[in-house]
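Close look at the chain arrangement
Residues per chain, in single letters:
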Amino acid sequence: MESEARRYLKQQFNLEGAISPGRFESELAKRIGSPARRKPVLQAWKGYLGGGGLEAVRRFYSELLAHPRERLEGLVYAMHLPYLEFYLQELPALLPERGKVLEIGAFTGLLLKFLVQKRPDLEWHALEGVEEAVAVGKTRTPGIEWHQGWYGEPLDGVPLVDVALMLSVLPEGYLGNLPARLDTEEFYRHFEIPQRLAALSGLLRPGGLLVYGHGPFLGKNFEAVGEALIRLGFSDVRRVGEGEYVLVLGRMPEELRLEAPVKAQEAKAPPAVPVLAETQAAVSVDEAWALLEGGDYATVLARIPASAGGRLSYLRGRALMALSRFEEAEQALERAACEEAEDLRVLCWAEMGEYQRALTRLEALSSRGGRYRLALGRVYLGLGRLSEALRQLYESGLPESRLPIKLALERLEERAFRFGREGDWSEVSRRVEFVEDLSPELLTRGLLFLGLQATLQQGLWARAERYARRLYDQGEVAGALGLALTQLRVRGPEGLEDVPLVELKAVEPYLTDAVARAEDATALLALGLLRFREGRYSEALRHLERAAREGRGESAGLAYHYLALTKRTLGYPMLEVLGEHKRAHAHKAYPVPVLYQMAQEALAAGEPVLAREFLGRVRDAGLEAVQDQLEGLLALVEKLEGPWEAFRLLTAALARTPQPSLEQLALAYRLSRSFRHSEEAEKVRGEYLAALYAQGRLEEAGELLEDELAHRPDAIEVMFDLAEHFERSGTYKKAAEVWRKALEVAYYAEKDLALAREILRNLLFLNPTDPELALYLEELKATSAALAQLDGSADTFEGLTPQGLLHEGLPKFHGEYLIVVGGHTQLRSRMVPFLEAQGLRLDWFDADANSSGREAIRRIQNRVERAHGLMIISSYVGHDVSEPVRLEAENRGVPVYITPGRARGITGFLRAVADFAPQIFKRALKSSS
C-alpha cells in the first residue's frame, strides 16, 4: 500500500518515489533545464557533500528553497523517503503520553506534519537554522511552535522539552568522502558525537527521551552511538529497528558526564524548601482569599510559598491560573489534594494542550456550563472534533469563546470546502445545516456560499433560497445569482438552456444586479441567453463574449456555443462563427453529427483546414453516431483527404461492425478499386463476394470477378474465385478455361510448381480423361526432376500419375462420420462420392440447399452427437446455421474445423480434410471405446 509520505511527495512535488543521492543532479536537470540557473544549486550540493560545516548546510538548503516553482525542496525528502517512512512507522508508539517534543533540524517540517496528525496530544516544537525553511514551515504546519537557530549555539525561547528528535541531523555538515561504516573511534573523531550531544543540556529535561537516527548518510555505527550515550550518563539506552533502519534511544541524565571540557552548566537550582503547614505560612487562608478576590495575584504568589500545601496551594494555583501560568498552576493544584483543585486541574490540562488527559473529566463536568463547556470545546477543537467543539463553545455563552468559535468555524469551512472540491455536496450540506441549526448567526459568508452551492446541487430549493437571501442582503453577487437560480429551479449554468423565455425574463432583475455587482460568468450567460431569445442580438453578443471570457468548463462551452449562434445570425464571417464553435467544443463536446455538419460548412466556406479539424474530431469520437450519414461522411473524407483515407476509415468501421450490410460492403468495394493490389482491397473484395453469395446474387458476383480479372489479368486469387464461381454455377467449361489460364500463370509467369500442382489437381477433377492435362503433368514432372537434379534435393513429382495426384495426401478412412456445413452444391456433388469411396461417411449441408430455418439447425444438431467431426467452410462462418451448430458441437466434445480462407476449389477442400483427419480418427477411437 502506498504510504502517506509517498502520496504527499507525488501530489505536492511530482515525485514518484525515492531517489538516491547519485541521481540528484539528473533530477535537478529535469526541473531546471538552464545550466546557468542550475550552477549555483550544483555548487551548493558539492559543498554540502564535501562536509563544509553549517555554512555549507545553510547554503544548500537556501539554494533549494530559492526555487519554489521547480519544487526542489521535494528532492531532499525523496532522498530521505525510506527513512521518513521508517520514522513514521516507529516514532508514534515510542513517544510519551504527554509533553513537549522538539525536532532538531526540521527543515520545512514534513516529518512533523505527519507526526502531529498521528499524535495530536503532544506539544510540538521545531528547531531549524535556515531562515527560509522556517518561513515555509510556519505556513505549512499549524499547531507547531517554530524556533530559528542552530543546534549547539546559544538559543533563546526554546523551552525544556520531554523528547528531542535528532533524525538525519548530526551527520550533516560532517559528510565528505566516507565509507558505508566507520569503526567506533573514527566515528567519534569524525562526527564528534560526544561533544555535540553535550549541547542537549538546556534543551532536554532530565529523564527526557533522546531519539537518534543516522538517516541515509554514510559512516554509520549505531553501536558507537549507544556507547556514547552510556558514557555521557544516559539511561535506558536501546535500539529499535534493524539493518540500515535503526533508531537509538536514551534517557537524559540529571547531569552529563563529560570527558572533555564543555560549556559551563547552568547554576544548580537552590535546594527545595521544606513543605510548610498552613499555620507556618506567611499569610493566612482568609488573607490570601482577600488578595485573590482583589486581583492582587503577584502578592498572593509572593506570600504563599511554592511548597505550601492544602488550601493555600489551591489559592496559589488559582493565582497562577489567572496569570496563565498553567503548568505551575497544575502542580500547585495537585498539591492541594481537594475536589475543587482537581476540577481546576482539568482546566489547566486543557490550556496546556493535554487534550486526551482532560477529555473524560471535562465531559463529566460540562453539565456545569460556563468555563467547563468552554474548555471542553477547546479540547474537542484540539482533537479535530469540530462539530462537537462548536456546540460546546457556543453553549458556553462566555465572551472568551468568540475567538475559538471563529477558529472552529474557519476549520469547518475548510473541511466543507474540501468536500465540495471532491464533489461530496451532501457532506457540505450536512455541515452547513448543523451550524445553521445551532444558530443562524454563526453562518459565515464562506459557509453561506458553500451551503448555497450544496443545496443547489441537491435541489433543496427552500434552503438554497434562504442562503441566497442572506448573501444578497450582505451585498454578495452569489446571493443575487442564487436567488435567480432557485426561482428557475436549475442547479447551474448547464440547466439554463432548457429554461423558457418567460421564466428567464422573471429573474432578469437579479441577473442584472449580479452583473452590476461583479461580472459573474453564470449571470452573464443567463442574460446573454435571454437577449438571444428576445432577438436582441447585439446585446446578447456583448454579454456572451464576457461570459465566455469569464466562464470555466461547461459554462464557457455553452457561452461560446450561443456566441457562435449569435454571430451566425448577425452575419459574421463563417470562419469566425466556426472558430467559436471550435472553442465551445473544447469546453463541452458537441455530438458527432453536429461536428460532421460543421465540417461540411467549413468546406463549403472554403476553409479546408478547419474542415479537416472538425472531421478529425468526428473520427476520434467514432462513426457509430453517423451510420445513417456514412456515405456522405466518406465523400467528405474523400474530398478532403483522398480516397485511400476514406477507404481506410470505412474498413476500420466495418471491422467494428458484427454484421455489415451489403450496401456498406459495396461502398467499401467501390472505394477499394483505386488500390486493387492492396491487402485491404483483397479482404474487402472477399467479404463483398461472400455477402453476394449469401444473398443469392450470383450474377453480380460473376460480373464483379470478371471485371476484376479484366483489370488484373494475372491475378491468381481472382482466377481462383472466378473458377470457383463457375463451378458453383455449373458452367464447368468456363471453369476449366479459367483454371487452365491460372495454371499457365502459375507455371510460366510465377514459376510456382506447388501452386501449379494444386491447379492441375482441380482440372483433373473437372475432366480426369483430358489428354492435355496428362501432358501438363509430364511437363511439370520434367521441370521438377531438373530442379531436383540441379539442387540435389528429392523429386516430389517422381512417379506421380493423374490418379495419384487426385488422391494425394488424403488418408484412407474406415467408416468415420463427418458433417460439413457450407460450400456450394457443385462442390458437394463432386466431393461426397469421392470421399465416400475413400471410406468416409458424410452429411453435407451446403449454402445453396439449406436456409437458416430452425428445422435445418435442428436436423444438424441431432446428428452432431454421432459425428466424429464438424467441418465448416470459412465462407459460411457466422452464418445463422453455422454458429449454433458449432456451439452444439463444442458442448458435446465433437472436434470442429474451419477451413483456412475460402476453399480454393476442390483441392483446397481436400487439403482441409487431410489436415482434419487426425482429429476425426481420435474422436472415432474414443467413441468406439
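Positions within a chain are numbered from 1, following the residues in the order the chain's sequence is written. The predicted nature of this model means local features are confined to residues of pLDDT at least 70 and side-chain atom pairs, given and counted, to a pLDDT of 80 or more, with totals for whole chains, interfaces and linings taken over all residues. The side-chain numbers reported here are obtained from all heavy atoms of the structure, hydrogens and water having been left aside.

1. Things to note about the confidence of the model for the protein
Note the cut-off: pLDDT expresses, on a scale from 0 to 100, how confident the predictor is about each individual residue. In this text, helices come from DSSP runs of H or I with a minimum length of four residues, and strands from runs of E with a minimum of two, each type numbered from the N-terminal end. Only heavy atoms matter for contacts: two residues are in contact if any of them lie within 4.5 Å across the pair.
The predicted model of the protein averages 81 in pLDDT, with 88% of residues at 70 or higher. Per-element averaging of pLDDT across the protein places helix H33 (residues 630-641) at the bottom with 63 and strand E1 (residues 100-104) at the top with 93. Of the regions scoring below 50 in pLDDT, residues 260-281 engages in 20 contacts with residues more than four places distant in sequence or in other chains.

2. Thoughts on the sheet that holds strand E7 (residues 245-251)
Rule in force here: A pair of strands is treated as paired once DSSP finds two or more bridges between them. What counts as an axis is a line fitted to C-alpha atoms, over the stretch in contact for a helix, and the angles between N-to-C directions run from 0 to 180 degrees.
Across the sheet, 7 strands lie side by side as E3-E2-E1-E4-E5-E7-E6; this open sheet has mixed pairing. In the strand order of this sheet, the two ends are held by strand E3 (144-148) and strand E6 (235-242), each with one partner. Direction aside, the axes of adjacent strands within the sheet are offset by 20° on average. Across 6 bridges, the pairing between E6 and E7 is antiparallel.

3. A closer look at the environment of alanine 336
Secondary-structure assignment places alanine 336 in helix H15 (residues 326-336). For alanine 336 and glycine 310, which are 26 residues apart along the polypeptide, the C-alpha to C-alpha distance reads 4.3 Å.

4. So, the environment of alanine 754
As for its placement among the helices and strands, alanine 754 is situated in helix H40 (residues 753-766). Along the chain, alanine 754 and threonine 796 lie 42 residues apart, while their C-alpha atoms are 9.8 Å from each other.

5. Some remarks on helix H37 (residues 698-711)
The test is simple: Expected helix span is given by 1.5 Å per residue-to-residue step, counting one fewer step than there are residues. Accessible area is worked out with a 1.4 Å probe on protein chains only. A residue is then buried under 20% of its type maximum, exposed over 50%, and partly exposed in between. The arc in question is the one spanned by the directions pointing from the helix axis to the C-beta atoms.
Along its 14 residues, H37 runs 20 Å from first to last C-alpha, staying within 8% of the 20 Å computed at 1.5 Å per residue. Ala701, Gly702, Leu704, Leu705, Glu708 and Leu709 are the residues of H37 that are buried. Down the axis of H37, the buried side of the element spans an arc of 160°, and every buried residue falls inside it. For H37, the exposed residues lying more than 90 degrees away from the buried face are Glu699 and Ala710. In this fold, the buried residues of H37 make contact with helix H35 (662-672), helix H36 (679-694) and helix H38 (716-729).

6. Some words on empty space enclosed by the protein
Heads up, the condition is: Cavities and pockets were defined on a 1 Å grid built over protein atoms only: a cavity is a set of grid points that admits a 1.4 Å probe from which the probe cannot escape, a pocket is an open set flanked by protein on both sides within 12 Å along at least five of seven lines, and lining residues are those with an atom within 4 Å of any such point. Grid points are joined across faces, edges and corners, and a volume is the space filled by probe spheres set on the points. Only Asp, Glu, Lys and Arg are considered charged, only Ala, Val, Leu, Ile, Met, Phe, Trp, Tyr, Cys and Pro nonpolar, and every remaining residue, Gly among them, polar.
For the coordinates displayed, the defined rule picks out 2 cavities of 30 Å³ or more. Quantified by volume, the largest cavity comes out at close to 40 Å³. Lining the largest cavity are Tyr8, Phe13, Glu73, Tyr77, Thr108, Gly109, Leu110, Lys113, Arg140 and Thr141. A class-by-class count of the residues in the lining of the largest cavity yields 4 nonpolar, 3 polar and 3 charged.

7. What to know about helix H24 (residues 477-488)
Here H24 is 12 residues long and its end C-alpha atoms lie 17 Å apart, about the 16 Å a rise of 1.5 Å per residue gives. Where burial is concerned, most of H24 is hidden: 11 out of the 12 residues are buried. Within the sequence span of H24, burial applies to Val477, Ala478, Gly479, Ala480, Leu481, Gly482, Leu483, Ala484, Leu485, Thr486 and Leu488. Where H24 is buried, its residues contact helix H22 (445-458), helix H23 (461-473), helix H25 (501-506), helix H26 (508-517) and helix H27 (521-534).

8. Section: the environment of alanine 889
Mapped onto the elements of the fold, alanine 889 is located in helix H45 (residues 882-891). Using a relative accessible area of 0% as the deciding quantity, one classes alanine 889 as buried. For alanine 889 and glutamine 861, which are 28 residues apart along the polypeptide, the C-alpha to C-alpha distance reads 7.8 Å. Contact partners of alanine 889, with chain neighbours within four places excluded, come to Val864, Leu870, Val894 and Val896.

9. Describing the pattern of salt bridges
Two side chains that carry opposite charge are able to pair once their charged atoms sit near each other. Stated precisely, the cut-off is as follows: One side-chain nitrogen of Lys or Arg within 4 Å of one carboxyl oxygen of Asp or Glu is enough to make a salt bridge.
With the rule as written, the count across this model stands at 53 salt bridges. Arginine 311 is the salt-bridge partner of glutamate 340, the closest N and O atoms lying 2.6 Å from each other. Residue glutamate 340 is found in helix H16 (residues 339-352), and its partner arginine 311 is found in helix H14 (residues 310-322); the two are separated by 29 residues along the sequence. Classification of glutamate 340 by relative accessible area gives partly exposed; the value is 38%. With a relative accessible area of 29%, arginine 311 lands in the partly exposed category.

10. Topic: the sheet that holds strand E8 (residues 817-821)
Sheet architecture is open: 4 strands sit in the order E9-E8-E10-E11, paired in parallel fashion. Two strands bound the open sheet, and with one partner strand each, they are strand E9 (841-845) and strand E11 (896-898). The sheet shows a mean angle of 20° between the axes of neighbouring strands, direction not considered. Two elements, E8 and E9, share 5 bridges in a ladder whose sense is parallel. Bridge pairing in E9 links isoleucine 819 to aspartate 843. Each of E8, strand E10 (869-872) and E11 is contacted by H45, which is oriented at about 155° to E10, the strand it contacts most.

11. Looking at the side chain of serine 313
On the secondary structure map, serine 313 appears in helix H14. If we skip the residues at most four places from it in the chain, serine 313 touches Ala308, Ala332, Leu333, Arg335 and Ala336.

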